[in-house]
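Each chain is listed here by its residues.
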Amino acid sequence: KLSTLNESYFYPSVSGNTILSDYLVLPKAISFLKARASYANVKSGGSSVTSYIGATPNAGYPLGYGAEYTSSYDGPTYGLATPYNTALGYNNQPYATYPNNLIDPAISPDSRTTLELGLDVKFLKNRIGLDIAYYTNIDGPQIYNKPLSQTTGYNSFITNAVKNKTTGIEISISGQAIKNKDFSWDVLLNLSKYRRTLAELPAGVDVLNTFYAKGDRLDKIYGRGFVRTPDGQLINDAGGRPIVNSVNQFLGYADPDLVWGLNNRFTYKNVTFSFQFDGRIGGVMEDYVRKQSFRGGRHIETTEGAMGEARYQDYLGVKSYVGEGVVVSNGAAIKYDPTTGAVTNYGDLKYAPNTTKTFLQDYISRYYNTSEGNMISKTYLKLREVVLTYNIPSDIFGKKGF
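Here the residue numbers are simple positions, counted from 1 along each chain's written sequence. Two thresholds apply to this predicted model, a pLDDT of at least 70 for residue-level local features and 80 or more for giving and counting side-chain atom pairs, whereas whole-chain, interface and lining totals are computed over all residues. To obtain the side-chain values, all non-hydrogen atoms of the structure were used and water was disregarded.

If DSSP finds at least two bridges between two strands, the strands pair. Helix and strand assignments come from DSSP, with helices taken as H or I runs of at least 4 residues and strands as E runs of at least 2, each series counted from the N terminus. Bridge count for strand E8 (residues 110-123) against strand E9 (residues 128-139) is 12 bridges, and the pairing is antiparallel. Bridged to Leu115 within E9 is Thr136. Taken together, E8 and the strand that follows it, E9, pair antiparallel across an intervening segment of four residues, in which Leu124 is found at a positive phi of about 50°. Looking at chain direction, E9 and strand E12 (residues 163-179) are connected through 12 bridges and run antiparallel. Following the sheet pairing, Tyr134 is matched in E12 by Ile169.

Below you can see the structure in the form of structure tokens.
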């Protein structure tokens, strides 16, 4: 029973598997075939693993007064309660306040439902293996604060709404490329891919958190971005610095298109040598260290090439740096959609290459103070592990009591 909701709830799970090769007639190349499936549901609502420590200054506590820390308590936060508060107000007179949110009397706990289907196949007397798993998670309906018009006397209505969906597939391919008396070579390749989407919104709500509509990927990244021409060139202002859009712009997706790992293991008699590569393909993020080092004038690129020369000219008090992109050459004002920030009058604009000189640090303070100016790819390849082992033959110690 959940004390924050004052109700009991049921969260079932079931799983099973069957070895199909035990009772089906399969081609000779298939030496093993197993199917598996699992279903699980979990719930929570109004509880948290965080608590508060009532520390006294200089008392030796690890955190300051009122600081939040993670514990195994998982107790209620009482965010789903509507107690009134009392205080002293005008002329030191006591008064009471009531919360400005309504709570759905039929509210139920947060819910996550997971379904996984898998297939394990081995070929050629188990020399080659293939394991495939498909899964889907449905988060919701979650406990959601639905905005209300303040003319109702309240700001929000706490109810069950919003569903997020995660789907993914994982593939593992294993094989024994070489196998003889003294030497063997084993290979294992893992591949995975997943997507997170907004599956459902509450009635009357078209957009979640400003940017996310039903069906959108939840890993979309929005941030401060530049105004560009239709073919992607930066548009600069009269001072030679790029114009920053007043509305946050879509800058890419955070999640990878593919995650992979490859392990090779070679064994010769008692010696084993293995190494593992892994990586990911796709996804972007903002490089905060790059952003701050540029803004502070400490990035190595500010000492090299055109930036290095312009930095010295900054020291001399001379404007010399010319940024990439164009300027509007016909004096027309750029007009924007107030909701999306999209330029609405491209047809009225004429462009010329940017030739305006500016101080390098002024340009950097504009360009690298945005999210778009510091976006980098998450794609990487890494040598994760190298292992060399030697198995001491048992007959060396077998007669000595080991």
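From this point, the narrative continues.
The next subject is the side chain of Ser156. Its place among the elements puts Ser156 in strand E11 (residues 156-161). Contacts were defined at the residue level, with two residues in contact if any of their heavy atoms lie within 4.5 Å. Not counting residues within four places of it along the chain, the set of residues in contact with Ser156 comprises Asn100, Asn101, Leu102, Asn145, Lys146, Pro147 and Leu148.

Here we take up the layout of surface pockets. Estimates place the volume of the largest pocket at around 190 Å³. Of the grid points, spaced at 1 Å and generated over the protein atoms alone, those admitting a 1.4 Å probe that cannot get out make up cavities, while open sets with protein on both sides within 12 Å along at least five of seven lines make up pockets; any residue with an atom within 4 Å of a point is treated as lining. For the largest pocket, the lining is made up of 13 residues, of which Phe226, Val227, Arg228, Asn245 and Gln249 are closest to its centre. Classifying every residue of the lining of the largest pocket gives seven nonpolar, four polar and two charged. Grid points are joined across faces, edges and corners, and a volume is the space filled by probe spheres set on the points. When residues are grouped by polarity, Ala, Val, Leu, Ile, Met, Phe, Trp, Tyr, Cys and Pro land in nonpolar, Asp, Glu, Lys and Arg in charged, and all others, Gly among them, in polar.

To continue, consider the sheet that holds strand E7 (residues 101-103). Strands in a sheet are paired, the pairing made by backbone hydrogen bonds, and the direction either parallel or antiparallel. With mixed pairing, three strands are arranged side by side in an open sheet as E7-E11-E10. The open sheet has two edge strands with one neighbour each: E7 and strand E10 (142-147). Between one strand axis and the next, the sheet turns through 35° on average, direction left out of account. Looking at chain direction, E7 and E11 are connected through three bridges and run parallel. When the bridges of E11 are listed, Asn101 appears paired with Ser156. Each axis is a line fitted through C-alpha atoms, taken for helices only over the stretch in contact, and angles between the N-to-C directions span 0 to 180 degrees.

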